[in-house]
Amino acid sequence: MLAAAGEANRVARGCCSGVYPITPQTEIMESLTAYPFTKGAVVTVESEHSAMGVCIGASIAGARAYTASAANGLLYMTENVFAAGYYRLPIVLVAANRTIGPPWNIWVDQGDSLALRDAAMLQFYCESHQDLVDTILVAFRVAEDPRVLLPALVAQDGFVLSHALMDVDLPDQTQVDAFLPPLDLPHRIRRDHPRIYGGLTWPRDTQRQREDIEHAMQAVPHVMEGVLDEFETVFGRRPAGAFPAACTDDADLVIVACNTMARTAMHVVEARRARGERVGLVRAKLFRPFLRDELVRALGSARRVAVLDRNHSPGSGGIFWAEVVASLAGRSDVLVQDYIVGLGGTDVPHAVIDAIVDDLAARECAGPPVFFEEGG
Amino acid sequence: MADDPAQGAGAVVTRSEPLWRPGNSACAGCGMSLGLQWLDQALHGGMLTLVVPACCAVATPGAFPDSAYGVPAVGSTFASSPAVATGVSRVHELNDEPDPTICWAGDGGTYDIGMATLSAAAERNEDVIYVCYDNEIYGNTGGQRSSATPAGARTTTTPAGKPEPKKDVMAIMAAHGVPYAATLSLAHHDDFMRKLAVAQTTRGFRFLLLLSPCPAGWKSEPADTVELSRLAVACGVFPLYEVFNGRRYRINARADGTPLEDYLARQKRFAGVAFDVEAARTATKEKWARLEALAANFPTTDVSVTGDAGHLWLRVLVEDRPSVLARVAGQVSRRGVNIETVVVRHLPDRAHTYITLGVDADEATAERVARGIARLDAVVDVEPFVGECPEPQAEQEPKAEMRPDPDTPPTVR
Ligand SMILES: Cc1ncc(C[n+]2csc(CCOP(=O)(O)OP(=O)(O)O)c2C)c(N)n1
Ligand code: SF4
Ligand SMILES: [Mg+2]
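Residues numbered from 1 in each chain as written. Chains lettered and ligands numbered in written order. Predicted model: local features only at pLDDT ≥ 70, side-chain atom pairs only at ≥ 80, totals over all residues. Heavy atoms only, no water.

## Considerations on the overall build of chain B
(1) Moving on: Helix and strand content of chain B: 13 helices and 13 strands.
(2) Moving on: Per-residue burial for chain B yields a buried fraction of 59% across its 413 residues.
(3) Moving on: Of the roughly 15,300 Å² that chain B leaves accessible, carbon and sulfur atoms contribute 52%. (Helix = DSSP H or I, 4+ residues; strand = E, 2+ residues; numbered from the N terminus. Buried < 20%, exposed > 50% of the residue type's maximum accessible area, 1.4 Å probe, protein only. Areas by Shrake-Rupley, 256 points an atom, 1.4 Å probe, with all protein chains shown as cover.)

## Concerning the domain arrangement of chain A
Residue and element names in this part refer to chain A.
(1) Moving on: Under the domain assignment, chain A is made up of domain 1 (2-235) and domain 2 (245-371).
(2) Moving on: Computed from C-alpha atoms alone, the centre-to-centre distance between domain 1 and domain 2 is 28 Å.
(3) Moving on: A buried area of about 2,100 Å², summed over both sides, lies between domain 1 and domain 2, and 57% of it is on carbon and sulfur atoms.
(4) Moving on: Three residues, Leu114, Tyr125 and Glu127, lead the burial of domain 1 against domain 2; their summed loss comes to 29% of the area buried on that side.
(5) Moving on: Along the contact surface separating domain 1 from domain 2 lie four salt bridges.
(6) Moving on: One salt bridge connects Arg283 with Glu127, and the closest N-O pair in it is separated by 3.6 Å.
(7) Moving on: Put simply, domain 1 and domain 2 have 15 residue pairs in polar contact (both at pLDDT 80 or more) between them.
(8) Moving on: Elements with a minimum of two residues in the side of domain 1 that touches domain 2: α5 (111-114), β5 (122-125), α6 (129-144), β6 (152-157) and α8 (203-235). (Domains from an automatic or database assignment. Buried area = accessible area lost by both parts, 1.4 Å probe. Salt bridge = Lys/Arg side-chain N within 4 Å of Asp/Glu carboxyl O. Polar contact = N/O pair within 3.5 Å; in protein donor to acceptor, adjacent residues only side chain to side chain.)

## Topic: the site of ligand 1
Residue and element names in this part refer to chain B.
(1) Moving on: Surveying the vicinity of ligand 1 reveals 17 residues, the closest of which are Asp107, Gly108, Tyr133, Gly139 and Asn140.
(2) Moving on: One nitrogen or oxygen atom from the side chain of Asp107 is found 2.8 Å from an oxygen atom belonging to ligand 1.
(3) Moving on: Here an oxygen atom of ligand 1 and a backbone polar atom of Gly108 are 2.8 Å apart.
(4) Moving on: Here ligand 1, which alone exposes 580 Å², has 76% of that area covered by the protein.
(5) Moving on: The element that contributes the greatest number of residues to the shell around ligand 1 is helix α4 (residues 107-112), accounting for three residues.
(6) Moving on: Looking at the shell around ligand 1 residue by residue, the class counts come to eight nonpolar, seven polar and two charged. (Near = heavy atom within 4 Å. Nonpolar A, V, L, I, M, F, W, Y, C, P; charged D, E, K, R; others polar.)

## Some words on the interface of chain B and chain A
(1) Moving on: Listed as interface residues are 48 residues of chain B and, on the opposing side, 41 residues of chain A.
(2) Moving on: Counting across the chain B and chain A interface gives one salt bridge.
(3) Moving on: As a salt-bridge pair, Asp99 of chain B and Arg191 of chain A come within 2.8 Å of each other at their nearest N and O atoms.
(4) Moving on: There are ten residue pairs in polar contact (both at pLDDT 80 or more) connecting chain B and chain A.
(5) Moving on: Considering each element in turn, the side of chain B that touches chain A owes the most residues, eight residues, to helix α3 (residues 81-94) of chain B.
(6) Moving on: Of the residues in the side of chain B that touches chain A, the class split is 28 nonpolar, 14 polar and six charged. (Contact = heavy atoms within 4.5 Å.)

## Brief notes about the domain arrangement of chain B
Residues and elements named next belong to chain B.
(1) Moving on: Looking at chain B, the domain boundaries give domain 1 (31-297) and domain 2 (312-412).
(2) Moving on: On a C-alpha basis, the centroid separation for the pair domain 1 and domain 2 is 30 Å.
(3) Moving on: Listed by partner, the interface residues are 18 residues for domain 1 and 16 residues for domain 2.
(4) Moving on: By the criterion of area lost to domain 2, the three top residues of domain 1 are His44, Arg194 and Thr201, representing 34% of everything that side buries.
(5) Moving on: Taken together, the links from domain 1 to domain 2 amount to three salt bridges.
(6) Moving on: Of the charged contacts, one joins Arg248 and Asp381 as a salt bridge, the two residues approaching to 2.8 Å between their closest N and O atoms.
(7) Moving on: On inspection of domain 1 and its partner domain 2, the count reaches seven residue pairs in polar contact (both at pLDDT 80 or more).
(8) Moving on: When residues of the side of domain 1 that touches domain 2 are traced back to their parent elements, those giving at least two are α7 (189-200), β7 (240-244) and β8 (248-253).
(9) Moving on: Split into classes, the residues belonging to the side of domain 1 that touches domain 2 amount to six nonpolar, five polar and seven charged.

## So, the coordination of the magnesium ion (ligand 3)
Residues and elements named next belong to chain B.
(1) Moving on: Within the protein, the magnesium ion (ligand 3) binds to Asp107 (OD), Asn135 (OD1) and Ile137 (O); these donor distances fall in the range 2.0 to 2.1 Å.
(2) Moving on: Read in sequence order, the donor residues for the magnesium ion (ligand 3) give the motif D-x27-N-x1-I.
(3) Moving on: You can call Asn135 buried: its relative accessible area is 6%.
(4) Moving on: We classify Ile137 as buried; its relative accessible area is 5%. (Donors = N, O, S within 2.8 Å, 3.2 Å for Na, K, Ca; no water.)

## Considerations on the sheet that holds strand β4 (residues 129-134) of chain B
(1) Moving on: Pairing within the open sheet is mixed, and its nine strands lie in the order β7(A)-β2(B)-β1(B)-β3(B)-β4(B)-β6(B)-β5(B)-β7(B)-β8(B). Of all the strands in the sheet, the pair left with one neighbour each is β7 (196-197) of chain A together with β8 of chain B.
(2) Moving on: Bridge count between β7 of chain A and strand β2 (residues 73-76) of chain B: two bridges; the pairing is parallel. Residue pairing in the sheet places Tyr197 of chain A in a bridge with Val74 of chain B of β2 of chain B. (Pairing = 2+ DSSP bridges.)

## Some details on the nonpolar core
(1) Moving on: Membership of the largest hydrophobic core comes to 153 residues, with the highest contact counts inside it found for Ile56 of chain A together with Phe205 and Phe207 of chain B.
(2) Moving on: With eleven residues, α8 of chain A is the single largest residue contributor to this core.
(3) Moving on: When residues no more than four places from it in sequence are discounted, the contact partners of Ile56 of chain A are Asn80, Ala83, Ala84, Tyr87, Leu89 and Ile91 of chain A together with Val84 of chain B.
(4) Moving on: Cys55, Ala199, Leu317 and Leu347 of chain B belong to the second largest nonpolar core, which has 44 residues in total. (Core = buried A, V, L, I, M, F, W, Y, C linked by side-chain atoms within 4.5 Å.)

## What about the environment of Ala378 of chain B?
Residues and elements named next belong to chain B.
(1) Moving on: Positionally, Ala378 belongs in the loop between α13 (363-374) and β12 (379-387).
(2) Moving on: With 61 residues separating them in the primary sequence, Ala378 and Leu317 have C-alpha atoms 8.8 Å apart.
(3) Moving on: Not counting chain neighbours up to four residues away, the residues in contact with Ala378 comprise Leu317, Val318, Glu319, Arg321, Val324 and Arg327.

## Some thoughts on the pattern of salt bridges
(1) Moving on: Following the criterion strictly, the structure yields 51 salt bridges over all chains and no others.
(2) Moving on: Taking the shortest distance from any N to any O, the salt bridge between Asp134 of chain B and Lys166 of chain B comes out at 2.5 Å. One end of the pair, Asp134 of chain B, is in strand β4; the other, Lys166 of chain B, is in the loop between β4 and α6 (169-175), and 32 residues separate them in sequence.
(3) Moving on: A relative accessible area of 0% means that Asp134 of chain B is categorised as buried.
(4) Moving on: Notably, a salt bridge pairs Arg248 of chain B with Glu383 of chain B, separated by 2.8 Å at the nearest N-O pair. Of the two residues, Arg248 of chain B sits in strand β8 while Glu383 of chain B sits in strand β12, which places them 135 residues apart along the sequence. Here Arg248 of chain B and Glu383 of chain B have matching classes, each one buried.
(5) Moving on: Each of Glu127, Asp131, Arg263, Arg283 and Lys285 of chain A takes part in one network of salt bridges that share partners.

## Structural notes on the side chain of Thr135 of chain A
(1) Moving on: Residue placement: Thr135 of chain A occurs in helix α6.
(2) Moving on: Those residues in contact with Thr135 of chain A that sit more than four places away from it in its chain are Phe124, Cys126, Val154 and Lys285 of chain A.

Written out as structure tokens, the structure reads:
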């Protein structure tokens, strides 16, 4: 479904982007370079660092900018991803999640985009092609809102989603134009008002700038509500918000998962519900900003929470888990257990998530993060 | 990219502010700082977008909310200026904004960390003017070696003098076949202004290398900056030359026998190190032999037609003197070739002119004509090529952005 990511950008009138190939993202750039834009340019650069560099230049000059990468490409791009955030540029970056090497492994792992956790950038995680297409459009709107003005990363699982086929409702250009008017970046280069971007700052101004970014992140939930409302008006469907939840109202045990793992987990929840078990699911879609209150609300009455992390921060554990624990600070009545699964593209089938639910149900207290595989 | 009436897409914006204002914190005698002032003169008040990677040129304009730059300036990450400039210049073009995009980068950003990005932008022939102000050192971080540091120079990371010779970045850029590459000296004002004029009237990637004395790093007297620039050319360590399309080399000033020691003695970075002056002299001689061979018979050396689709053109850069146009035209008519279009454009330095002739000839004849034109003494360069006219077309309204100097619009005859 990489083509959908390329297509969604095209319909969003991505006006200038730098692109560089890496599996499993390559088809996005191939689809971007395949047809000419009405008004736009795709620059085939020599590295991801420059791909983001071109987006930065294009965006400061006032164009909508977009790029895509994965794994080592995202790491190579990192310096400029941070820069894009600090310049407050609403660039959209699609990640096809892939394992960081060496040793080389092209399969899914969310450690790559999560390594960009501390950049000033929104992060969305998508479960399906429709979710991806819609979220890219939503991401542009939220990122470009004058109350936000930050880049946004939209992630999908490499191969598991990126190379799967699904039915997608691709919006047509008139709808997209209605939803996404031409970008008018307030601080773009102005010939009549010269500014310096990225000069020197003193410590206190730097702290204030970072604080401004925090305020921008805090504005996201409100801005996103409005954007989703408008999306619904224009397209007739409503993409998911930060923490779409299923069966959590009366759930004792809730699974927290992102991307395609959440879809597998949903099957487990349905099967267990059919047996009368009070199990629920929260899909972690918006990772930055991490809306702690919304998560707590989504978890409902759960007293046991299994966090599925397809990533690993050595010496700490799962990255989503750390966020969930922080969100539930002071709640000694909730047992949160981290399950690190599916690293390096290891399959996470129904049975694994089933076993995790059993494991959690049997626990008396939470332990350190566990690496969980099929067969226990 | 909303159209903003205030921005006046397509219009030439002139500015009242200097490009580089007083109040910046560059060291006394800083060559980079003087270079920015000369760049300003060469632009004749035209607007531009500067892209400056991490270096002294981003550290010295002052801290937020102040800036010594009187033009839009994007401070990029260290390795990224050619990529960021690519994005800026592509969007300027999409929006019909004539402002040139100019990178102003140090030797660290050029020879070292930015080399891959620079090479890629040159290979794509992005419409960017790239100026490397080469102070032969990482100035901003306190004076460490770069691959532009010459052999023998003491830096904080080569306390006994640098063993390796300076990287020949001009050769690398010429090998990319960029439309224009040239060296610049702060002791040769006319030459500087002419080259900036040629750069502004050329499209595609233009690479300019400015030797930029740095009193802090060279341990030289601030008052000696221009004199050191002069000596570097006079003793031959910094040849002044230009390369058209990576093929035609033209030497602008030759060494005049000034001893190398005169240049070295004014810089304490060469003092107290075991420095083999004879080896340096030999290296300089060898460099000149290579350069002379490349520049032999310029510009008749290589006038083969480039390009593959479109009309046949002869683009002739001449000194602006009476009757030059007639003599150039004479060379064409002598060989019975019909001139279909003549576009004359004066360069902003007011001393040079581009004469572009659309001719009705086969390629072999065009090359013979070009060789004849090249022999005329007022001719700086001649380039026969097949393609689009690089100048505003006779048929259409001259586009404002093709005009670096609003006072001298292109004249179509
Ligand atoms: C990725 C990265 N590495 C290192 C630095 C630190 N740094 C800033 S400027 C500089 C040296 C710049 O040297 P040069 O390009 O020659 O410019 P100059 O300071 O001499 O003007 C270095 C190493 C940086 N900003 N970014
Ligand atoms: S260190 Fe050198 S280049 Fe930097 S401001 Fe001082 S003199 Fe200029
Ligand atoms: Mg330097």
